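Spelled out from the first residue to the last, the chains are:
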Amino acid sequence: MGVYEDITENFSKFFRDANEFGREISLKPFNYIFIAGMGASALPGDVVKVLKKDVPVETVRSYSLPKYANEESLVLVVSYSGNTEETLQMYNEALRKKCQIIAITSGGKLSQKCLSDSIPYIKIPSGIQPRASLPYLLVPILNLLNYDMQLDSLYAQIENSILKGKAKELAEKLQGKIPLIYSSIPPVSYRWKTQLNENAKIHTFANAFPELNHNEIEGFENLNGEYYAVFISDEGDIVRIKKRMQLTKEIIKEKGIDVTEIAMKGRNEFHRLMIEMYAGSLTSVYLAELNGTDPTQIDLIENFKKRL
Ligand code: PA5
């Protein structure tokens, strides 16, 4: 199975399977959460930061943890493959600093280190691409943190054929264009960008409100490419953000750029976030299909890692 099938057919099953992961581990008290990982394995950190409002959460995409990580920190070391050098280095540092560590991985060196250091780790299924494994990377963390995801009512939303149809239409509009993805929730636009990068293999801009009104908006003065904008709004957006989105849309349209709007409704913040992101994953694999690109292959990333 490749990324196309995993995103279009297996994604809700992945959420179902992941539902029990992480429940068996009890955490000691902590006052700060670091989520250490790279690429698709780091994204859960950004999502947790949006959802968990009672404790500071920081995603660390680097070789080292911040100086203030200490014995009272919970460090979730996430690497799908278990072989990512930056993440392994952060694991070593967390161990030296005596942080509370839990790892999430499908195997590799990280699982071996955890076994020899007696560090608990959550073993997720292997054989999937990290970017198609979001359910397996994220759900265990939210279970660990006792976050109630109400997953039962998410599956049908993922399987919704209208969502898929809209993503196909959007992929057609994006063909040959440089996507500009704008949302009020930074990890949502970022997930779209990375999915379009890795699956459709195209460059994409991603930004969030209100920040983009303070810099990126100036880029519309001297257009140097064929752009297509996607605005993703969320039920939780405050009035001023709604106004910023509306105005930005008007300005962009005046510059001759077409816009698709995705307005996410619903009471459950976690579900909205997942569907906003999933729409990006679907669009990216449909665009890959239209472009005759295999979304599973990531030759440049793999070759780069080898050359390093
Ligand atoms: O989507 C991908 O394949 C990448 O972004 C990887 O997640 C990234 O290179 C890190 O690898 P891993 O997730 O195995 O730690």
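Below is a short write-up of the structure.

**A closer look at the overall build of the protein**
Per the secondary structure count, the protein includes twelve helices and nine strands. For 308 residues, the compact-globule estimate of 2.2 N^0.38 gives 19 Å, and the C-alpha radius of gyration of the protein, at 19 Å, lies within 12% of that figure. Viewed in the frame of its principal axes, the protein has a C-alpha envelope of about 60 × 40 × 40 Å. Scored against the burial criterion, the 308 residues of the protein give a buried share of 54%. Between the centroid of the 37 positive side chains of the protein and the centroid of its 39 negative side chains there is a distance of 2 Å.

**Observations concerning helix α9 (residues 186-200)**
Along an α-helix, residues three or four positions apart point the same way, because every turn accommodates 3.6 residues. Taking 1.5 Å of rise per residue, the 15 residues of α9 would be expected to cover 21 Å, and the 21 Å separating its terminal C-alpha atoms lies within 8% of that figure. Of all the 15 residues making up α9, eleven are buried; the element is thus mostly covered by neighbouring parts of the structure. All of the buried residues in α9 are P187, V188, S189, R191, W192, T194, Q195, L196, E198, N199 and A200. Positioned one or two residues after α9, K201 has a phi angle of 60 degrees, which is positive.

**What about the site of the ligand?**
Around the ligand, 13 residues are found, and the nearest of them are S41, S79, S81, T84 and E198. E198 places a side-chain nitrogen or oxygen 2.6 Å from an oxygen atom of the ligand. The separation between an oxygen atom of the ligand and a polar side-chain atom of K305 is 2.9 Å. Expressed as a share of its isolated accessible area of 380 Å², the protein-covered part of the ligand is 92%. Judged by its atoms lying within 2 Å of the grid points, the ligand is housed in the largest pocket. A breakdown of the residues in the shell around the ligand according to their chemical character gives five nonpolar, five polar and three charged.

**A look at the nonpolar core**
If you look at the biggest cluster of nonpolar residues, it comprises 68 residues, and the most contacted ones within it are F15, W192, V230, F270 and M274. With eleven residues, helix α11 (residues 269-290) is the largest single contributor of residues to this core. Other than its neighbours up to four places away in sequence, F270 contacts F15, L51, L138, L142, Y147, M149, L151 and L154. V75, L88, I101 and I119 belong to the second largest nonpolar core, which has 17 residues in total.

**Considering helix α10 (residues 239-254)**
With 16 residues, α10 ought to run about 22 Å at 1.5 Å a step, and its terminal C-alpha atoms sit 23 Å apart, in line with that. Restricting attention to buried positions, one finds in α10 the residues I241, M245, T248, K249 and I252. One side of α10 carries all its buried residues, which in axial view fall inside an arc of 105 degrees. Exposed and facing more than 90 degrees away from the buried side of α10 are V239, R240 and E254.

Rules and cut-offs
- Residues numbered from 1 in each chain as written.
- Predicted model: local features only at pLDDT ≥ 70, side-chain atom pairs only at ≥ 80, totals over all residues.
- Heavy atoms only, no water.
- Helix = DSSP H or I, 4+ residues; strand = E, 2+ residues; numbered from the N terminus.
- Rg over C-alpha atoms; globule rule 2.2 N^0.38 Å.
- Buried < 20%, exposed > 50% of the residue type's maximum accessible area, 1.4 Å probe, protein only.
- Lys, Arg positive; Asp, Glu negative; His and termini not counted.
- Charge placed at Lys NZ, Arg CZ, Asp CG, Glu CD.
- Expected span 1.5 Å × (residues − 1).
- Near = heavy atom within 4 Å.
- Polar contact = N/O pair within 3.5 Å; in protein donor to acceptor, adjacent residues only side chain to side chain.
- Areas by Shrake-Rupley, 256 points an atom, 1.4 Å probe, with all protein chains shown as cover.
- 1 Å grid on protein atoms, 1.4 Å probe; cavity = no way out; pocket = protein on both sides within 12 Å on 5 of 7 lines; lining within 4 Å.
- Sits in = over half its atoms within 2 Å of the grid points.
- Nonpolar A, V, L, I, M, F, W, Y, C, P; charged D, E, K, R; others polar.
- Core = buried A, V, L, I, M, F, W, Y, C linked by side-chain atoms within 4.5 Å.
- Contact = heavy atoms within 4.5 Å.
- Arc of directions from axis to C-beta.

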